Amino acid sequence: MVGALRRRIQEFRLIGQDPILAIGLLAISAFTLTFILFPLLRVVAQGFISLESGELSLVHFQRYFDPYFGPYYRQVVRDTMIMGVATAAGGTALGFVFAYALVRCKMPFPRLTHALTLVPTISPPFAIAIAAILLFGRSGLITRQLLGIIPTANSNDIYGLDGLVFVQVITFFPVAYLIIRGMLERLEPSMEEAALSLGASKWHIFRTVTLPLLAPGIAGSFLLLFVESLADLGNPLLITGNRTVLSAEIYLAVAGQYDQQKGAALSVVLLIPTLTVFLLQRYWVSRRSYVAVTGKPTGGQISVKEPYIRWPVVIITALTLGLIMLLYLSIAVGSVTKLWGINYTLTLEHYRTAFTRGLDAIADTTFLSAVATPIAGLAGMIIAFLVVRKKFFGKEALDFTSNLGGAVPGTILGIGFILAFIKAPIWLVALIYFAFVFYMVGQQGSVVETPGAGRPRRRRWTGLLLAAIGTAIGYGLAVYLNGWAGGVLWRWIMAAGFILLAVALFFTSTSKYRKAISLATAAIGVYLLIDTLTPSLTTPLAIWGRGISSIQLSRIVVGLGDWIKVFTQLPPAVLGLTALVIGIFVMGRLTGRARPLLLLAFIALSAGLVFAEAPLALVGTPYIVIAAYAVRSLPASARAGIASLQQIDPSIEEASTSLGGDTQVTFRRVTLPLIMPALIAGLIFAFARHMTSLSAIIFLTTPKWPILTVWILSEVEQASMSTAAAYSMILIFIVLAAIGLMYWLVGRTLGSQEGVDLTTGAG
């Protein structure tokens, strides 16, 4: 036990020697703890605690064994598992066929095929279900009006478990396609060529070489599609008929029966298969090696020319694309018809309604999604790098936790956010704060090293004493000074404190980095000044915007002020933790006898920000929506990065390290270009997921920050199908435009770098 503990401590000491790596681990751990574990634990606790009495209650778990409730509850769980496995298997298989067709089989019109393949991923929730009902429902355009099928009591129609699986396979298979294609394009062809030259058949090569190399992507796709299907809410609500699954039961329990304990208990049941599948996938993949990118020169991709292989793959891909086009054509036509099914007169009235009444929802959803996308993408790549390349205690827990945010039903996560952040979680903020402070005073060179300062243990105790004193002073600044001075004056005082600290750093430091550390410290003070001056810009902007005669332009100008505040008025706790991160780098490069006082000042000022103004009480702010978006799309970014990194030979990065490159240089110059296809896939999926998210934010949206998918659901509930279709088409066009812009920007910034592959998903 003691030996194991020493090894764990040594692992973290090694990580702590690299500030970039240590800060990344601390930041990711804080993010997952705050926005995934903490909200879910708040919800899960309600599954075992009665809201009326506050005592332990297992009533909703006992119902699975109750003779009256048991059969229904067990049927729900059984249907959920069938749906999850069938969707994951079908979606992964279909995604593989599409990837194989575009990479190996020379699919005609590859760019158009790729663009059409992405459409289901970028559509709003339940869009495929609506299109399926319009075309194949009991009064559908194809089933009733073209084929004349009249449903009977025992007939099998689109409603039911098979219809739900069909809809979800079409909805989610592009995710598997993006992941598998990124890996398939980067396979080392020499292994397959060697097997071919030795006389192996194409089927034998495919089974013994290609598939094993793609196993991380296939297994990751299966896992991702499994949890996506279990967490989906929109499609089950519309198309399951007289069958139901756990996600719909949870939503109905909370929104219909107002029974949060029942919803929480059902969410606990839903976590069990998710955890089981994840552990099985981890065990299976970890027993094999899948290195395919070795740093050696490679040849081109192997093309499959055999007709008996190529044509079935191409035909399946073409037929599926035809079905997708038909489904979305019904939505497009429905958006410009007077009343679907009754009056097919063409009209643009629904789009005029969308761009007037729903303009705020369109603009705000796009803005918040764009802000959350790089957060999710960067966090996913950092998690992937830590999980695949580093060894430390708890990395399996970090990997699992990052996937947990996308595995649970979004409604439960949304309720968890409300419970967690309706009030300031002081103990959680303090835990994260002290983790950063302890690293600041514990890292080599961050504590006093003046002549006669004593041994390392004495220096550590000195640093801890300074941290305690600084925290006490900062807490006093946050509570008493803020209460006495008020918000604006307090910010002026804190800004002056950081600017004075920057001046002191410049004149007392003898380090060659003194200009850089002074500017970094001054940046915090300047940001606080901008924070206080923001209303001077946004208030006149809003007044001027309300006076504009054009309704659309007026709303955009007024909303612009709120968008500016998202960047210039961050929660003080977030700004304080950012100041601590800067402080770690500053103190690590600081020399001179004034070090103890400067360290004390940095901790005091940072604590004054962290503990001010109800830290992380986020309900009603746009930041809670941004956090929910990032949490829901984090699994896709992380799994794509992990699958890609597992193919890259670590010796490439080791060569960079041996030549003197530190962690950030190696990651930026070596690792990042190699995982760029996975990063692009993660960003694409993240933005699309944010734009189309419904269940996770349905309880978090406010009139000030309306969300487009909630408006679509509202239109569906009011039977305004054509208006809902118009909103859906607008959303699809926005996401498609963002994807094109993303490829263009990445191509301009990284296209000139040798070895950077930007063809993933490009056709």
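See above for the structure.
Residues numbered from 1 in each chain as written. Predicted model: local features only at pLDDT ≥ 70, side-chain atom pairs only at ≥ 80, totals over all residues. Heavy atoms only, no water.

Enquirer: Hey, could you run me through the nonpolar core in this one?
Expert: Across soluble globular proteins, nonpolar side chains have a tendency to be buried as a group. In this structure, Phe417, Phe421 and Phe498 are the most contacted members of the largest nonpolar core, which totals 222 residues. Contacts of phenylalanine 417, omitting those with residues within four sequence positions, involve Phe35, Pro39, Ile422, Val619, Ile624, Ala627, Ala628, Val631 and Leu700. (Core = buried A, V, L, I, M, F, W, Y, C linked by side-chain atoms within 4.5 Å. Buried < 20%, exposed > 50% of the residue type's maximum accessible area, 1.4 Å probe, protein only. Contact = heavy atoms within 4.5 Å.)

Enquirer: Just to check I follow, could you spell out the pattern of salt bridges for this structure?
Expert: Opposite charge on two side chains allows them to pair when their charged atoms are near. Tallied over the entire structure, the rule returns six salt bridges. Here glutamate 715 and arginine 357 are joined by a salt bridge, their closest N and O atoms 2.8 Å apart. One end of the pair, glutamate 715, is in helix 30 (residues 708–717); the other, arginine 357, is in the loop between helix 15 (349–354) and helix 16 (359–389), with 358 residues separating them in the sequence. Residue glutamate 613 is joined to arginine 491 by a salt bridge in which the shortest nitrogen-to-oxygen separation is 2.8 Å. (Salt bridge = Lys/Arg side-chain N within 4 Å of Asp/Glu carboxyl O. Helix = DSSP H or I, 4+ residues; strand = E, 2+ residues; numbered from the N terminus.)

Enquirer: Can you help me understand the packing of helix 2 (residues 19–48) against helix 16 in this one?
Expert: Between two packed helices, the angle of one axis relative to the other and the distance separating the axes together describe the packing. Following both chains from N to C, one finds helix 2 and helix 16 inclined at 115°, their axes separated by 10 Å at the closest point. Note on packing geometry: the crossing formed by helix 2 with helix 16 is left-handed. Facing Leu21, Gly24, Leu25 and Ile28 of helix 2, the residues of helix 16 in contact are Ala379, Ile382, Ile383, Phe385 and Leu386. When the residues that make up the contact of helix 2 with helix 16 are grouped by side-chain class, the tally is eight nonpolar, one polar and no charged. (Axes fitted to C-alpha atoms, helices over the stretch in contact; angles between N-to-C directions. Left-handed = near helix turned anticlockwise from the far one by under 90°. Nonpolar A, V, L, I, M, F, W, Y, C, P; charged D, E, K, R; others polar.)

Enquirer: What am I meant to see in the packing of helix 4 (residues 70–103) against helix 14 (residues 307–335) here?
Expert: Running from N to C, helix 4 and helix 14 cross one another at 115°; their axes reach a closest spacing of 9 Å. Considering how the two elements wind past one another, helix 4 and helix 14 form a crossing that is left-handed. Residues Leu94, Val97, Phe98, Tyr100 and Ala101 of helix 4 pack against Ile309, Val313, Ile316, Thr317, Thr320 and Leu321 of helix 14.

Enquirer: Where do I start with the packing of aromatic side chains in this structure?
Expert: For any two aromatic rings, the description comes down to two numbers: the centre-to-centre distance and the angle of the planes. Throughout the structure, instances matching the rule amount to 22 aromatic pairs. On the basis of an interplanar angle of 55° and a centroid distance of 4.9 Å, the ring pair of phenylalanine 98 and phenylalanine 173 is categorised as tilted. Taken together, the residues span a long stretch of sequence, with phenylalanine 98 in helix 4 and phenylalanine 173 in helix 8 (residues 161–184) at a distance of 75 residues. Of the two residues, phenylalanine 98 and phenylalanine 173, both sit in the buried class. For the ring pair tryptophan 711 and tyrosine 727, a centre distance of 6.4 Å and an interplane angle of 75° mean the geometry is edge-to-face. Of this pair, tryptophan 711 sits in helix 30 while tyrosine 727 sits in helix 31 (residues 721–750), placing them 16 residues apart in sequence. Put simply, the rings of Phe31, Phe35, Phe38, Phe417, Phe421 and Trp427 pair up and form one aromatic cluster. Seen from the ring of phenylalanine 69, arginine 63 lies directly overhead, with NZ or CZ sitting 4.4 Å from the centre. (Phe/Tyr/Trp six-rings, centres within 6.5 Å; stacked < 30°, edge-to-face > 60°. Lys NZ or Arg CZ within 6 Å of the ring centre and 35° of its normal.)

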